[in-house]
Amino acid sequence: MLYAISAVLISAQTFFDRQVRWVGALYLCMVAVLSTANGNSTLALSSLLFVSSCVVMFICQHCANHVGLLYTAFMILGFMVFVTPYALLLLPLYLLFCFFANVFSPRGIVASLLGLATPFWLILGTEYVLSGNGALTDYITTGIATSFTLSFGCNTLHSFILMAFALLLLLPAMTTFMGSAYPAKPLLRRRLLFIMVADAYLLMLCCLAGDGFMLFYFWQLPCLAVLASYLFSGKESKLMNIYFVLINIIMVAIATVPLWLKQ
């Protein structure tokens, strides 16, 4: 249900000049082929929070009063840190979006910092008043310490296929975007450019933070769904049809390779 809500939120966003209705369905397909998604509440909840915060930030692009929306987006990020401390590594990406959306200002900075601090203030304050045993404090400090340890993430056949799948969508999308005027609206082009930067950043985190590989990869799936929609909703050609078949073959491999490895 959490992934379905994420798909609905993704489908409601506008990334292209014309409406593409199957972005959310493509996201659910990418989730479905990953066996790690089954029964993992951390992946599901953090994915929903990530998509929700991105949707709020996208609204900032065409909203005059964006300070309150920035506060909300960074507050959701703060709650993500309690789900998994790896979410703190998304902070540079969120700050970068403020430049992409032209909403970076002194008031916006203060609102962002207050939004990020609000969940810590609420939860840690509650812990201090009710128990004072420091359980949440220890969880956060330990989690943040382990989140900043570097380790190579692409060390299995399955992770290598996942990385190849992401690159096979990211690199052609970047090439097409740089050589095309589609989408034509500046707001949509900035939004799509941010999707590519976010995808590349999360892909880098997959490589550098090995213990959080699946977390970063699941947060990357909404970006991959948008990029795949960008590629396959363009002008139809024989080469693109072949490429579509290749992507589907890789998705089948993503679903079946873990079964072979278990045997």
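Our subject is the structure that appears above.
The present account deals with the structure reproduced in this document. (Residues numbered from 1 in each chain as written. Predicted model: local features only at pLDDT ≥ 70, side-chain atom pairs only at ≥ 80, totals over all residues. Heavy atoms only, no water.)

1. Things to note about helix H2 (residues 23-32)
- Of all the residues in H2, the buried ones are Val 23, Gly 24, Leu 26, Tyr 27, Met 30 and Val 31. An end-on view of H2 places all buried positions within 160° of arc, on one side of the element. (Buried < 20%, exposed > 50% of the residue type's maximum accessible area, 1.4 Å probe, protein only. Helix = DSSP H or I, 4+ residues; strand = E, 2+ residues; numbered from the N terminus. Arc of directions from axis to C-beta.)

2. Examining the side chain of Ser 47
- Structurally, Ser 47 can be placed in helix H3 (residues 41-60).
- At a separation of 2.6 Å, a polar atom in the side chain of Ser 47 contacts the main-chain carbonyl oxygen of Leu 43.
- Those residues within four positions of Ser 47 in sequence are excluded, and the remaining contacts are Tyr 3, Ser 6, Tyr 27, Phe 218 and Trp 219. (Polar contact = N/O pair within 3.5 Å; in protein donor to acceptor, adjacent residues only side chain to side chain. Contact = heavy atoms within 4.5 Å.)

3. Looking at the packing of helix H9 (residues 186-208) against helix H10 (residues 213-232)
- Across the interface, H9 lies against H10 with an axial gap of 9 Å and an inter-helix angle of 150°. Taken as axis vectors, H9 and H10 run roughly antiparallel relative to one another. Viewed along their axes, H9 and H10 form a crossing whose handedness is left-handed. For the pair formed by H9 and H10, the contact residues are Leu 192, Ile 195, Met 196, Ala 198, Asp 199, Leu 202, Leu 203, Leu 205 and Cys 206 on the first element and Phe 213, Phe 216, Tyr 217, Trp 219, Gln 220, Cys 223, Leu 224, Val 226, Leu 227 and Tyr 230 on the second.
- Residue composition of the contact of H9 with H10, grouped by class: 17 nonpolar, 1 polar and 1 charged. (Axes fitted to C-alpha atoms, helices over the stretch in contact; angles between N-to-C directions. Parallel < 35°, antiparallel > 145°, perpendicular 65-115°, else oblique. Left-handed = near helix turned anticlockwise from the far one by under 90°. Nonpolar A, V, L, I, M, F, W, Y, C, P; charged D, E, K, R; others polar.)

4. Here we look at a nonpolar patch on the surface
- Together, Leu 95, Leu 96, Phe 99, Phe 104, Ile 109 and Leu 113 line one region of the surface with nonpolar side chains, adding up to about 520 Å² of accessible area.
- Put simply, the parts of the chain that give the nonpolar patch at least two residues each are helix H5 (91-100) and helix H6 (106-130).
- A per-element tally of the nonpolar patch places H5 first, with 3 residues.
- Accessibility expressed as a relative area gives 56% for Leu 113, which makes it exposed. (Patch = residues over 30% accessible without salt bridge, like charges linked within 9 Å, V, L, I, M, F, W, Y side chains within 5 Å. Areas by Shrake-Rupley, 256 points an atom, 1.4 Å probe, with all protein chains shown as cover. Salt bridge = Lys/Arg side-chain N within 4 Å of Asp/Glu carboxyl O.)

5. Some points on the packing of aromatic side chains
- Counted according to the given criterion, the structure contains 15 aromatic pairs.
- Look at Phe 58 and Phe 97: their rings are 5.7 Å apart centre to centre, the planes differ by 65°, and that puts the pair in the edge-to-face class. Placement of Phe 58 in helix H3 and of Phe 97 in helix H5 is noted, with a sequence separation of 39 residues between them.
- We classify Phe 58 as buried; its relative accessible area is 4%. (Phe/Tyr/Trp six-rings, centres within 6.5 Å; stacked < 30°, edge-to-face > 60°.)

6. Considering empty space enclosed by the protein
- Overall, the coordinates contain 2 cavities of 30 Å³ or more when judged by the stated rule.
- In this structure, the largest cavity spans a volume of roughly 130 Å³.
- The wall of the largest cavity is formed by 14 residues, among which Phe 15, Cys 54, Phe 58, Ile 195 and Pro 222 lie closest to the centre.
- Residue assignment for the lining of the largest cavity shows that the elements contributing at least two residues are H3, H9 and H10.
- With 5 residues, the top contributor of residues to the lining of the largest cavity is H3.
- Its residues assigned to classes, the lining of the largest cavity shows 13 nonpolar, 1 polar and no charged.
- Here the second largest cavity defines a volume of roughly 30 Å³.
- Lining the second largest cavity are Met 30, Val 33, Leu 34, Leu 162, Phe 165, Tyr 217, Leu 221, Met 251 and Ile 254.
- Sorting the residues of the lining of the second largest cavity by element identifies helix H8 (157-178), H10 and helix H11 (238-262) as the ones contributing at least two each. (1 Å grid on protein atoms, 1.4 Å probe; cavity = no way out; pocket = protein on both sides within 12 Å on 5 of 7 lines; lining within 4 Å. Points joined across faces, edges and corners; volume = space filled by probe spheres on them.)

7. What to know about H3
- Along its 20 residues, H3 runs 29 Å from first to last C-alpha, staying within 8% of the 28 Å computed at 1.5 Å per residue.
- With a side-chain oxygen lying 3.2 Å from the backbone nitrogen of Thr 42, the N-terminal cap of H3 falls on Asn 40. (Expected span 1.5 Å × (residues − 1).)

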